[in-house]
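# Topology and contacts: notes
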Amino acid sequence: MTSVLDTTAIGKVQRPRRHVRTLTGYLPEKDPEGKEKWPRGEEKVWKDGLRSLDTGVPSITKSIVNHVQTSLARQPHEIDNFGAYQAAALSVRDNLIINWNETQLHYSRTAGKRAYYLSLEFLMGRALDNALLNLGLKQQYTEGVDKLGFNMEDLLAQERDAGLGNGGLGRLAACYLDSSASQELPVWGYGLRYRYGIFQQLISPDGQQLEAPDPWLDNSNPWELPRIDVSYEVRFHGHAERLNDGSGRAVWEGGQEVLAVAYDVPIPGCNTRNTNNLRLWESKPKRGFDLNSFNAGDYERAVESSNSAAAITSVLYPNDHTTFGKELRLKQQYFWTAASLADIMRRFKNLGRPITEFPQYVSIQLNDTHPTLAVPELMRLLVDDEDVPWNAAWNIVTETFFFTNHTVLPEALETWPVPLMQHLLPRLFMQCKKDRLNPISNVRLIFSTAVERKFPGDRERLARMSLIEESVPQNVRMAYLACIGSRKVNGVAELHSELVQTTILKDFVEFYGVSKFGNVTNGITPRRWLDQCNPGLSRLITTTLNIEKSGLLDYVEDEDFREDWAAVTLGLNIKRLHEYKRQTLNILGVIHRYLTLKSMTPKERKTMTPRNVFFAGKAAPGYYIAKLTIRLIVNVARVVNSDPDTRDYLNVFFLPDYSVTLAEVLIPASDISQHISTAGTEASGTSNMKFCLNGGLLLGTVDGANIEIAEEVGPSNVFFFGHLTPAVEDLRYQHVYHPVPVEQKSPALARVLNEISSGLFGDRGVYEPLLNTIRQGDYYLITEDFDSYLEALRMVDEAYNDRTEWIKKSIRTTAKMGKFSSDRAIQDYAQEYWNIESTKVE
């Protein structure tokens, strides 16, 4: 009988496809006695064929050669460094997969609680070196590739950094995944597989930042496993209609359907077989090539569906200064959270537990506001798909989610226009405001009612705490939704967490009580980072002590040790470009130093401490002021470095396309690092921790994790400057209502600004928008802190000239960085938030 397509069913909701059985999350069947049954074939034949880890040099070289011959289809005479890298990477991946399979089977057998880390960024860096270090096989693989005629350093250089993140948010997420595996915690990460990363940064002849696609996947990625059998349908647009059965469920139909296809990246733990997973989603069309349109000659329409779907995961942070870009960002966030929750729900249901026990087996961490749509989406899944009553579903949601806030800047708190959300996600925010059974509107109503009950008649408070900002158009406040929908909320440094509770979420603290709010200071992977970026320093610490780094303090007065330290351990500022981070203050300080040198006699210049200043970092494509800052830095470098009077005493460099790999080169070379954000604006920072771990001293403001670093290493080993957080708002008030000219406040700064305006660094007039942010309003307090900053720089010069004391400060700094470990931070999350336990794979 001929099968006929029912055209009336197109676009309608179908029964969810049962996930095909794979090795991810399923257990072997058992016989009546409880013994696992072998699934098929002869058990002995299967087990004889299962391979073990390659840990010896002979088996490693055999594995690499096998991949050259079969995976790459090449011969020894035609293999180059890149081919050798691919073969070595595939060989290492084989080991990871063996451990990964054992880990997932172990997690399924123990059937314990798992945590899931949702982050829009994962700044992983190069995978080969990290995998070899964590597996403890770097020496064996180095010897193996040497026997095959290659050099390990040459192979490592072939790998391109994964284009999955941009700044500290993504690097923190990567560290937490690494630490989760190393601490043997059952944690998975969920993110997006960006085809072109954020962008490749280029610098034009006139110093402007240019953006090009980052084709990091062009040569294939040996570290990912395509899971073509793991896919979920995600819907946009269309319409939602409530069922008239009294259940509160609704049906979402029509619109655009997109497939989320999984790609898995194994995350190896250090000195353990535990290997966790980062699952990335790629967007693909449910119905791809339109053959009818193609045959009719409409070639653009033939690929329209494919292009529209592929755009969702093309680029990290599409420019949202356009309507299309804004919609694409919201699409990204919903696509990612919907696919991740569908996958988490599928894994939970495999346990066979009642849906009411979901929070007993699942904790979900929201890394910033980007994954906040997971809150209403889980409500939709529970109400529509699992038939859970509204109140019970909301209880499940608020016991499942945990929210990490990363900013106290009001302008950085994410909001989405209500009309856009209603148009793109009609089930989450139905058009009818009276419909209490759509997630966002109902959460708004229930929460507002509770607030009014606790604070009767306080209309101003109701407006401040409303989930919907009453603007034109109305906006959904995503940080508020994340706070309301989460069990606990945390900041990422002690000062930041205090500010979260006393400023942006003050009303919520008064409503919920302080117990809902906490702090987990950010961390890095100290010894693993050190092993990777500064092996010389790592070896010195290990061979000298063979104990924890705190013992370093015993060697501060050891002259031989200090000389060894100096041999393995230039000012640096390498960060995402943003006004609050004040790279502008840094380059203005450089210009002041240049002008001072120019005014000196040759004899006077010889008394100055030579300084090399490095900048690196990307500005968002639509962030005009940050891009002007880059342009100024590049052109200052051209003038300063070519000046014969000063080039022996001052050099400036801007290194394009900043990445984890570049950081691994720059950070160990640093004597001083600058973390100079306006007080109260930097949530925490993690690069400050990496610099200090490598023995670089800290020059900074009393902000973020700088404060806790100073508490650990001692105030005599840091260089602080600038106003403190309590003074910031009063100073901003004075700037607006009682402004004082820059010439009166800081003559030194006024001279610098005037020299830039005069065209000393070219492009006369082009920098005025940047300079006017300082002359008029000065929101980030450049004028207030400039003279204090210059004094701090003078103190750095003075301290650096005492070489012995500087080395002592460096040793003390590294010795006291143990607190800032992501292993410590992830254990805080595991014990105080997620309630999960370590479980070791034998």
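Preceding block: the structure.
Here we summarise the structure given alongside this text. From a predicted model like this one, the values you see are computed outputs, not experimental measurements.

### What about the pattern of salt bridges?
Counting across every chain of the model gives 55 salt bridges. A salt bridge links Asp 48 to Lys 44, with the shortest nitrogen-to-oxygen separation between them at 2.7 Å. Of the two residues, Asp 48 and Lys 44 are both situated in helix H1 (residues 43-49); the distance of four residues between them amounts to about one turn of the helix. In this structure, Asp 48 and Lys 44 share a single accessibility class: exposed. A salt bridge links Arg 329 to Asp 320, with the nearest nitrogen and oxygen atoms 3.7 Å apart.

### Concerning the nonpolar core
Ranked by internal contacts, the top residues of the largest apolar core, which has 121 residues, are Trp 281, Met 421 and Trp 834. No other element matches the 12 residues that helix H11 (residues 323-349) contributes to this core. Setting aside its immediate chain neighbours within four residues, Met 421 contacts Leu 330, Leu 373, Trp 416, Pro 426, Phe 429, Ile 440, Val 476 and Met 478. Grouped together as the second largest cluster of nonpolar side chains are 53 residues, Leu 650, Ile 676, Leu 699 and Trp 806 included.

### Description of a negative patch on the surface
Negative charge collects at one region of the surface, where Asp 558, Glu 559, Asp 560 and Asp 564 lie side by side. Following the sequence through the fold, Asp 560 ends up in helix H23 (residues 559-568).

### Some thoughts on the pairing of strand E22 (residues 718-721)
The pairing of strand E21 (residues 697-701) with E22 spans four bridges and is classified as parallel. Its bridge partner lying in E22, Thr 701 is registered against Phe 721. Note that the unit made of E21, helix H29 (residues 706-713) and E22 has a crossover that is right-handed.

### Examining a nonpolar patch on the surface
On the surface, Trp 38, Trp 46 and Leu 50 cluster together into a nonpolar patch covering about 320 Å² of accessible area. With respect to the helices and strands, the residue Trp 38 is situated in the segment before H1.

### Description of helix H24 (residues 583-598)
Every α-helical turn comprises 3.6 residues, leaving residues that sit three or four positions apart pointing alike. When the terminal C-alpha atoms of H24 are compared, their 23 Å separation across 16 residues agrees well with the 22 Å that a helix rising 1.5 Å per residue should span. Most of H24 is tucked away, with 14 of its 16 residues classed as buried.

### A few points about the packing of aromatic side chains
According to the stated counting rule, one finds 28 aromatic pairs in the structure shown. Summarising the aromatic geometry, the rings of Phe 721 and Tyr 789 are spaced 5.1 Å apart at their centres and angled 45° between planes, so their arrangement reads as tilted. Of this pair, Phe 721 sits in strand E22 while Tyr 789 sits in helix H34 (residues 782-800); the two residues are 68 residues apart in sequence, bridging distant segments of the chain. Taking relative accessible area as the criterion, Tyr 789 reaches 1% and is therefore assigned buried. For the pair Tyr 829 and Tyr 833, a centre-to-centre distance of 5.5 Å together with 55° between the ring planes defines the contact as tilted. Residue Tyr 829 and its partner Tyr 833 are located together in helix H36 (residues 822-834), separated by four residues, close to a single helical turn.

Cut-offs and rules
- Residues numbered from 1 in each chain as written.
- Predicted model: local features only at pLDDT ≥ 70, side-chain atom pairs only at ≥ 80, totals over all residues.
- Heavy atoms only, no water.
- Salt bridge = Lys/Arg side-chain N within 4 Å of Asp/Glu carboxyl O.
- Helix = DSSP H or I, 4+ residues; strand = E, 2+ residues; numbered from the N terminus.
- Buried < 20%, exposed > 50% of the residue type's maximum accessible area, 1.4 Å probe, protein only.
- Core = buried A, V, L, I, M, F, W, Y, C linked by side-chain atoms within 4.5 Å.
- Contact = heavy atoms within 4.5 Å.
- Patch = residues over 30% accessible without salt bridge, like charges linked within 9 Å, V, L, I, M, F, W, Y side chains within 5 Å.
- Areas by Shrake-Rupley, 256 points an atom, 1.4 Å probe, with all protein chains shown as cover.
- Lys, Arg positive; Asp, Glu negative; His and termini not counted.
- Charge placed at Lys NZ, Arg CZ, Asp CG, Glu CD.
- Pairing = 2+ DSSP bridges.
- Right-handed = clockwise from strand over helix to strand, strands pointing away.
- Expected span 1.5 Å × (residues − 1).
- Phe/Tyr/Trp six-rings, centres within 6.5 Å; stacked < 30°, edge-to-face > 60°.

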